[in-house]
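One-letter residues, chain by chain:
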Amino acid sequence: PEQTHIYKLPLKMWGFLLKHIIDMLLLSVTNPERFYEEQFALVIRHIRYGVRAEYLTPMGKAIFSVFEETLGDKWDDRAQACWKEVFKR
């Protein structure tokens, strides 16, 4: 509830943010060293925004829901398992 100001972003901005999240998750697999360098600045920014660790699980569920809705039949058990592994990073 204390973060409701975040949800008032324009839809286009949410698309940009989702793309950035996916790019960062993929970077964690393809180039872990660069990911951890960029993650530090990202964590500091999000702490300033008031984001707390307990927000990550609901965010992950929301991202998976978007994948499932968007990908339809392509969002199978294998895809879900792979993305869960990536998201754990």
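Residues numbered from 1 in each chain as written. Predicted model: local features only at pLDDT ≥ 70, side-chain atom pairs only at ≥ 80, totals over all residues. Heavy atoms only, no water.

Our focus in this paragraph is the nonpolar core. Across soluble globular proteins, nonpolar side chains show a tendency to be buried alongside one another. Grouped together as the largest cluster of nonpolar side chains are nine residues: Ile22, Leu25, Ile63, Phe64, Phe67, Trp75, Ala79, Trp83 and Val86. Looking at this core, the elements with two or more residues in it are α1 (11-30), α3 (56-71) and α4 (77-88). Apart from the residues within four sequence positions on either side, Trp83 is in contact with Ile22, Leu25, Leu26, Phe64, Phe67 and Trp75. (Core = buried A, V, L, I, M, F, W, Y, C linked by side-chain atoms within 4.5 Å. Buried < 20%, exposed > 50% of the residue type's maximum accessible area, 1.4 Å probe, protein only. Helix = DSSP H or I, 4+ residues; strand = E, 2+ residues; numbered from the N terminus. Contact = heavy atoms within 4.5 Å.)

Here we take up the pattern of salt bridges. One pass over the structure, following the stated rule, counts three salt bridges. Across the salt bridge formed by Asp23 and Lys19, the nearest N and O atoms sit 2.6 Å from each other. Taken together, the residues span about one helical turn, with Asp23 and Lys19 both in helix α1 at a distance of four residues. With a shortest N-O distance of 2.6 Å, Glu54 and Arg52 are connected by a salt bridge. Taking relative accessible area as the criterion, Glu54 reaches 48% and is therefore assigned partly exposed. (Salt bridge = Lys/Arg side-chain N within 4 Å of Asp/Glu carboxyl O.)

Together, Leu9, Leu11, Met13, Trp14 and Phe16 line one region of the surface with nonpolar side chains, adding up to about 510 Å² of accessible area. Mapped onto the elements of the fold, Leu9 is located in the segment before α1. (Patch = residues over 30% accessible without salt bridge, like charges linked within 9 Å, V, L, I, M, F, W, Y side chains within 5 Å. Areas by Shrake-Rupley, 256 points an atom, 1.4 Å probe, with all protein chains shown as cover.)

Here the focus is the packing of aromatic side chains. By the definition in use, this model includes five aromatic pairs. Between Phe64 and Trp75 the ring centres are 5.6 Å apart and the planes differ by 70°, which places this aromatic pair in the edge-to-face class. With a gap of eleven residues between them, Phe64 in helix α3 and Trp75 in the loop between α3 and α4 connect regions that are remote in the sequence. Trp75 carries the same exposure label as Phe64, and that label is buried. Considering the side-chain rings of Phe67 and Trp75, the 5.4 Å spacing of their centres and the 50° angle between planes classify their relative orientation as tilted. You can call Phe67 buried: its relative accessible area is 10%. What links up through ring pairs into an aromatic cluster is the set Phe64, Phe67, Trp75 and Trp83. (Phe/Tyr/Trp six-rings, centres within 6.5 Å; stacked < 30°, edge-to-face > 60°.)

Here we come to α4. Note on helix geometry: an α-helix contains 3.6 residues per turn, so any two residues three or four positions apart are oriented the same way. The end-to-end C-alpha distance of α4, which contains twelve residues, comes to 16 Å, matching closely the 16 Å that a straight helix rising 1.5 Å per residue would cover. Of all the positions in α4, only Ala79, Trp83 and Val86 are classed as buried. For α4, the buried positions fall inside an angular range of 55° around the axis, keeping them on one side. In α4, the exposed positions angled more than 90 degrees off the buried face are occupied by Asp77, Arg78 and Lys88. Looking at the buried residues of α4, the elements they touch are α1 and α3. (Expected span 1.5 Å × (residues − 1). Arc of directions from axis to C-beta.)

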